[in-house]
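Given next are the chains, with one letter for each unit.
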Amino acid sequence: MPQKVNEVMTPVPVAVPPDTSLTRAGDLMRQHGIGDVLVVQEGRLRGLVTDRDIVVRAVAVDRDVSATTVADICSTDMVTIAPDADADAAVLLMRRHAVRRVPVVDGGHPIGMVSIGDLAVQRDERSALADISAEPPNR
C-alpha cells in the first residue's frame, strides 16, 4: 500500500507572518536546522522563503536584511499537496515543478512540509540522499 504524504512529511512547519524581517527568518532557520519558512497570514499559506531566496533576492543585491520582510522576497506561486495524497504524487510534483520541498496544506492551512529528503528516506533509507537527510543540521 503506497504511503501518504502525511506519513512522510515533517509536521508543524515553521511559519512567520509577512512582516517578519529576513534576519528573523534566517535566525529561525538556523535554530530549527531548516532551509525554509512558510509565510502565513491569518492561518493561510501566503508564501515560502528559502535560505537561497534570502541570499539571491536580498543579500546578493545588497538589500538590508533587517529592514526587508519575508513578504518582499517570498515565492507566492507555490505548488502544494494535500496530506492524504500518495507520496508518489509528491515526487511527481517535485519533478514537474523542479522544487525540493512542497508545503502540505489542508483547507488552505499549512500543516507540514514534505521534502526531497523526506521522500528519499521513505523510498530507500540506504541511499546517499537519505543518509544526508538523516544527519543533524549544520549549525
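Everything here concerns the structure above.
A short tour of the structure in this document, coming up. Just so it is clear, the model here is predicted, and its values are computed rather than measured.

Right, let's get into the overall build of the protein chain. Scanning the protein chain from N- to C-terminus turns up 7 helices and 6 strands. Counting over 139 residues, the protein chain shows a buried share of 39%. Sequence separation of at least 24 residues holds for 55% of the intrachain contacts in the protein chain that already meet a minimum separation of 6.

Sheets are built from strands paired through backbone hydrogen bonds, the pairs being either parallel or antiparallel. Taken in spatial order, the 3 strands make up an open sheet running S1-S6-S5, and their pairing is antiparallel. Edge positions in the open sheet fall to strand S1 (10–11) and strand S5 (101–106), since each of these has one partner strand only. Note: S1 against strand S6 (residues 109–115), 2 bridges, orientation antiparallel. Note on S6: the bridge partner recorded for Pro11 is Gly112.

Let us look at the nonpolar core. With 15 residues, the main nonpolar core has Val5, Ile81, Ala90, Val102, Val104, Val114 and Leu119 as its most contacted residues. Of all the elements in the fold, those that place two or more residues in this core are helix H1 (5–8), helix H5 (87–97) and S5. Considering each element in turn, this core owes the most residues, 5 residues, to H5. When sequence neighbours within four positions are dropped, the list of residues in contact with Val104 reads Val5, Met9, Ile81, Ala82, Pro83, His109, Pro110, Ile111, Gly112, Met113 and Val114. Ranked by size, the runner-up nonpolar core spans 14 residues in total, among them Val16, Leu22, Val39 and Ala58.

Listed in full, the buried residues belonging to H5 are Ala87, Ala90, Val91, Leu93 and Met94. Down the axis of H5, the sector holding all buried residues measures 165°, keeping them to one side. Within H5, the exposed residues directed more than 90 degrees away from the buried face are Arg95 and Arg96. Of the residues one or two after H5, Ala98 is the one with positive phi, at around 55°.

Scanning the model with the defined rule gives 5 salt bridges in all. Note that Arg101 is salt-bridged to Asp36, the shortest N-O span being 2.7 Å. Of this pair, Arg101 sits in strand S5 while Asp36 sits in strand S3 (residues 36–41), and the two are 65 residues apart along the sequence. Owing to a relative accessible area of 23%, Arg101 belongs among the partly exposed residues under this scheme.

So, about the sheet that holds strand S2 (residues 15–16). Spatially, 3 strands are ordered S2-S3-S4 in an open sheet, and the strand pairing comes out mixed. Two strands in the sheet have a free side with no partner beyond their single neighbour: S2 and strand S4 (44–50). Bridge count between S2 and S3: 2 bridges; the pairing is parallel. Residue Ala15 lies in a different strand from S3, and its bridge partner there is Leu38. Along the sheet, helix H2 (residues 22–32) makes contact with S2, S3 and S4, crossing S3 at roughly 125°.

Cut-off values and rules
Residues numbered from 1 in each chain as written. Predicted model: local features only at pLDDT ≥ 70, side-chain atom pairs only at ≥ 80, totals over all residues. Heavy atoms only, no water. Helix = DSSP H or I, 4+ residues; strand = E, 2+ residues; numbered from the N terminus. Buried < 20%, exposed > 50% of the residue type's maximum accessible area, 1.4 Å probe, protein only. Contact = heavy atoms within 4.5 Å. Pairing = 2+ DSSP bridges. Core = buried A, V, L, I, M, F, W, Y, C linked by side-chain atoms within 4.5 Å. Arc of directions from axis to C-beta. Salt bridge = Lys/Arg side-chain N within 4 Å of Asp/Glu carboxyl O. Axes fitted to C-alpha atoms, helices over the stretch in contact; angles between N-to-C directions.

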